[in-house]
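# An overview of the molecular structure
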Amino acid sequence: MARVLSLQLHGTHGEPLQTKDEVRGRVGGGLEGDSHVDREKRGVVVLDRSTNDALGLKAGDLREQITIEGMPDLNSLAVGTRLRIGGITVRVNGPCEPCTHIGEMNGVADPREFQAKLEGRRGLNCTVLAADAPVHVGDDVAVQRAVTTA
């Protein structure tokens, strides 16, 4: 079973992430206290730790708000799929494309090479659809409604 490994909020763009034990979702956007809270398509980035592990990174290094473990195929979920993460439900809007400066933020020697390594692996952009309760580290994560592409 998948679970929440770590929660991070962007207080301000470009600043270090703030690690949290609990976060609350905002319907139609992201997480309260996060600089992306009002963004509909990129309100929350959800990433499975397998990406971080493969690149020798720790939770939050790829600027994701929710790091999960136990769902290594997360990046293959189709647009429209719904995930239940603790007390919130999110809709998958698509992959989070690696930005040009993500490598610089991680101090890598070749930021463009790092960006290329992240292609298709940087997690999913999501929007909060329901916020019935907070999300806590350790909460279960489950696919609530899968969308298939035919």
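The following paragraphs examine the structure supplied in this document.

Quick notes on the rules
- Residues numbered from 1 in each chain as written.
- Predicted model: local features only at pLDDT ≥ 70, side-chain atom pairs only at ≥ 80, totals over all residues.
- Heavy atoms only, no water.
- Core = buried A, V, L, I, M, F, W, Y, C linked by side-chain atoms within 4.5 Å.
- Buried < 20%, exposed > 50% of the residue type's maximum accessible area, 1.4 Å probe, protein only.
- Helix = DSSP H or I, 4+ residues; strand = E, 2+ residues; numbered from the N terminus.
- Contact = heavy atoms within 4.5 Å.
- Pairing = 2+ DSSP bridges.
- Salt bridge = Lys/Arg side-chain N within 4 Å of Asp/Glu carboxyl O.

## Concerning the nonpolar core
Among the nonpolar cores identified, the biggest contains 23 residues, and Val46, Ile66, Met71, Leu74, Leu83, Ile85 and Ile88 are the most heavily contacted of them. Breaking this core down by element, the ones donating at least two residues are strand S1 (2-9), strand S4 (44-48), strand S5 (66-69), strand S6 (82-85), strand S7 (88-95) and strand S8 (124-131). The element best represented in this core is S1, accounting for four residues. Sequence-distant contacts of leucine 74, that is, excluding residues within four places in its chain, are made with Val46, Leu47, Asp48, Ile68, Leu83 and Leu124. In this structure, Leu57, Ile102, Phe114 and Leu118 belong to the second largest nonpolar core, which totals six residues.

## Focus: the pairing of S7
Across four bridges, S6 lies against S7 in antiparallel orientation. Note that in S7 the partner of arginine 82 across the bridge is arginine 91. Hairpin remark: S6 followed by S7, antiparallel, with two residues in the connecting loop; positive phi at glycine 86, about 55°.

## Here's the deal with the pattern of salt bridges
Counted by the stated rule, this structure contains seven salt bridges. Note that glutamate 69 is salt-bridged to arginine 49, the shortest N-O span being 2.7 Å. Highlighted residues: glutamate 69 in strand S5 and arginine 49 in helix H1 (residues 49-55), separated in sequence by 20 residues. Close ionic contact of arginine 84 with aspartate 132 constitutes a salt bridge, the shortest N to O distance being 3.1 Å. You can see arginine 84 sitting in strand S6 and its partner aspartate 132 sitting in the loop between S8 and strand S9 (135-136), a full 48 residues away along the chain. By relative accessible area, which is 22% here, arginine 84 ends up partly exposed. Classification of aspartate 132 as exposed rests on a relative accessible area of 58%. Several salt bridges converge on common partners, so that one network encompasses Arg3, Arg49, Asp53 and Glu69.

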